[in-house]
Amino acid sequence: MFASQHRVEFIGRLLLLIFVLRTLGQADSVAEPVNQHDVLPILHLRCAACHGRQEQKADLDLRTVESLLKGSKDGPVVKSGDPDGSLLVQKITKGEMPPKRDLVKASVKPVREEELETIRDWIAAGMPVAESGRPRESLISEQDRQFWSFQSPKRPEVLALGQEAVANPIDAFVSERLAKSGLELAGQARKRELARRVYFDLIGLPPLPEEVDAFVADKRPDAYEQLVDRLLASPAYGERWARYWLDLAGYADSEGIQHADTLRPWAYRYRDYVIRALNSDKPYDLFLLEQIAGDELANYEDADGFTEEHLDRLVATGFLRMVEDGTNANITNFVPDRQDHIDNEMRVLGSSVLGLTLHCAKCHSHKFDPVSQADYFRLRAIFKGAFDEHDWLNPAKRLLPLGHPEELKRWRENKAAVNAEVAVIKANKELDEEAKKKALEAVEKKRSEQPMVRALWDRGQPSPTYLLNRGGYLEPRELIEPALPRALVPPGETFRAKPPWPGSGKTGRRLAFASWLTKGDHPLTARVMVNRLWKHHFGRGLVRTLGDFGKAGERPSHPQLLDWLATEFVGVEWSIKRMQRLIMTSRTYRQTSRVSVERMESDPQNKLWSRMPLLRLQGEALRDSMLALAGRLRWEQFGPADPVDVSGQGLVMAKPKDGTWRRSVYLRQRRTEVPTLLASFDLPVMSPNCIERPESNVVTQALHLMNNELLRRLANAFAERVSHEKPGVLSEKMRHAFRLALGREASAKEIDLAKRKLGPLAKRDGNQALQAFCHALFNAAEFVYVD
């Protein structure tokens, strides 16, 4: 009874305290006068579609206090101190503004009652103007700044080891860790294994038998290095490695969101840009500069000075035009839809380049990292010149009428020819109207589409950025200015941006950000990229959480090696190919994948890199290899994406051209039509991007390889090729197929086993037996995995 009474008293006091605190909070909110920062976000949200940058009906601009006071062509729209006499309030109160008939078209919603009250209160108070309050956020402590990934990489000393123990400094760092566990680097893989490993790693295709034989027979001390150099110089290199970056960008040939999944006919230009950039070994710092701020690097609006370089830089900005986007339809083009799109682009930027989960600070300060919600909106403010939710360009308006000179020449010639035919038909008095109509329709089908570039560009001074309470677009709080994440810059450093050239009308913010991002001492940029290179060669990164170098991510397994690689990357002028050559010529990379009891006991998960991991081919390399072996791979680079067919059974397959197909990187990447083979082998649907592909091992993969009709036809074509290249007895054909598919000689035991299994079929039909054997090779683990 006594305890119960105390409980009641406690609850009563608690309720009284809550009441008092709420009353005080209400008193504080009432006492705080309304100012322009309470009203302008409302006007941007509800009115800027018709009275903003893109359009100013009745010459009325409602984006600033100055333009509001200026009024419309018909006179003032506000009267200070008199809300009832203000035309703005009258129109809103009557429901005339925004016009109901235009709500969906403009993708806006009516002014809410509480918003109207705020506008009335501000006008009644005399339209006061005040400084915005500072956002509430924790200070960045010295301990925060000392976190390993927020410190610039420092080049460590390399431990001196014997010449036989190391091929380059990478081996010194790996060997040092191995020695602590009583291990050393494993022996080198056999040359045939190395050849296959290097071919798939760099170009994603199997080597020809004669190429393997030549490498095995080459006794020069630098034979391996020359092989690596030759493949790095191959045009196929960019096709292989572009796919990794396209995953990070969230590349897709369609918009997504809507059921229609509208196609992006010009997205392929960005894919081609990435391939060309990697093939030319474009320095990574320039690669990032062009993708983040290519439109601000030079004046592309100067028609006389426009060059291929200008075009490339505009195409590069497609990096931040790839996430799913439903704003092409009015019903999914409201401000919260646009906000989601912008947040996804920030997520792509943070995860791919910075290696931070910045998006976790959208609704509240980051739970683990020293990134406040204000930091997140400061970053958004940097990009607002191009991503302004109140001055939005839907996907159809993000295209610039530009192209390569030869492309434009062909288009102009086509346009002139079609126009001439149209003029002749219209002038032909012998044709009746119906005949003219049909003739004109036929001629118009010859008209080629004007070349376009899907780009991102700064459009000048954007709307103000406000911190959104809990990320909600209806709850703007403090005004936010563009700035860099505080934990990544020295205390007191300010963000400075200026127009990129005189009279540009651009903010220059993204260029300033990209310039900071590509500084040699940036704590994250080089680390994140070399970690990705390591992952794609070794199966996992030195930091396993590729997109999270923050406190919730894993720590590097070899921190000194990571920092040495990062500083080396900057030292070799951000050359990706030189870093790959360094990694691939190390003894660490050339280790055998064979395991021993000792290594399994001391390093069961291979965290110390005591051996080379066995890696499965990605779906693209698997498909391309089967096409190459079948003689059905068409060597044709660049250009529009290859279309796909969807069968009645739901299988998505590429359409052939003269019985051949291009490499998988050129397949159309429509979000609702992912090629079935690639999907089976973990090609992701981009939402918004893919930091690291999963590596599943499921029965549908084996079933697809065994039962798919197209793969059976490819196996038959492979058998036909083998018979053409190696006429003779079945066993010799099998040996040749083995060398083509697996890069090695078949043992007598393997051939005997195949002959026994296929013996009855071979007696009836030798060709069918060879086809079955070739199909079995496509299904072999040794074909799907690389030692």
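Keep in mind that what you see is a predicted model, and the values were worked out from it rather than measured.

A.B. asks: Describe in detail unusual backbone geometry, supporting the description with residues and values.
C.D. replies: Between Met97 and the following residue, Pro98, the backbone shows a cis peptide bond with an omega angle of -10 degrees. With respect to the helices and strands, the residue Pro98 is situated in the loop between α4 (87-93) and α5 (103-106). Here the amide bond leading from Ser687 into Pro688 is cis, since omega sits at -10 degrees, within 30 degrees of zero. Inspection of the secondary structure puts Pro688 in the loop between α26 (676-680) and α27 (699-707). With a phi close to 55 degrees, Asp59 is a non-glycine residue in the positive phi region.

A.B. asks: I'd like a description of the pattern of salt bridges, backed by residues and values.
C.D. replies: Within the structure shown, the criterion is met by 62 salt bridges. Of the charged contacts in the structure, one is a salt bridge between Glu114 and Arg112, with a shortest N-O distance of 3.0 Å. The class of Glu114 is partly exposed, set by a relative accessible area of 44%. One salt-bridge network, held together by shared partners, links Arg46, Arg112, Glu114 and Glu115.

A.B. asks: Explain helix α11 (residues 223-232) to me, using residue names and the numbers behind them.
C.D. replies: Counting buried residues in α11 gives 7 out of 10 residues, a clear majority hidden from the surface. The set of residues buried in α11 consists of Ala223, Tyr224, Glu225, Leu227, Val228, Leu231 and Leu232.

A.B. asks: Tell me what's going on with the environment of His736, and back it up with residues and numbers.
C.D. replies: Mapping His736 onto the fold places it in helix α29 (residues 730-742). Among the residues examined, His736 registers a relative accessible area of 13% and is labelled buried. Excluding residues within four positions of it along the chain, His736 makes contact with Val722, Glu725 and Lys726.

A.B. asks: Break down the side chain of Asp682 for me, citing the residues and quoting the values.
C.D. replies: Tracing the backbone shows Asp682 in the loop between α26 and α27. By relative accessible area, Asp682 is classed as buried at 10%. A distance of 2.7 Å separates polar atoms of two side chains, one belonging to Asp682 and the other to Ser696. Residue contacts for Asp682: discarding those within four places in its chain leaves Arg616, Arg693, Pro694, Glu695, Ser696 and Gln701.

A.B. asks: Requested: an account of the nonpolar core, with residues and values cited.
C.D. replies: For soluble globular proteins, nonpolar side chains are generally found buried alongside one another. Core analysis: the biggest nonpolar cluster contains 180 residues, and Leu202, Trp245, Tyr270, Phe383, Phe513, Leu565 and Phe718 have the highest contact counts within it. The dominant element in this core, judged by the number of residues it contributes, is helix α12 (residues 235-249), at 9 residues. Residues contacting Leu565, with those up to four places away along its chain left out, are Ile170, Val530, Trp534, Leu542, Met579 and Leu582.

Each value, and the rule that gives it
Residues numbered from 1 in each chain as written. Predicted model: local features only at pLDDT ≥ 70, side-chain atom pairs only at ≥ 80, totals over all residues. Heavy atoms only, no water. Helix = DSSP H or I, 4+ residues; strand = E, 2+ residues; numbered from the N terminus. Salt bridge = Lys/Arg side-chain N within 4 Å of Asp/Glu carboxyl O. Buried < 20%, exposed > 50% of the residue type's maximum accessible area, 1.4 Å probe, protein only. Contact = heavy atoms within 4.5 Å. Polar contact = N/O pair within 3.5 Å; in protein donor to acceptor, adjacent residues only side chain to side chain. Core = buried A, V, L, I, M, F, W, Y, C linked by side-chain atoms within 4.5 Å.

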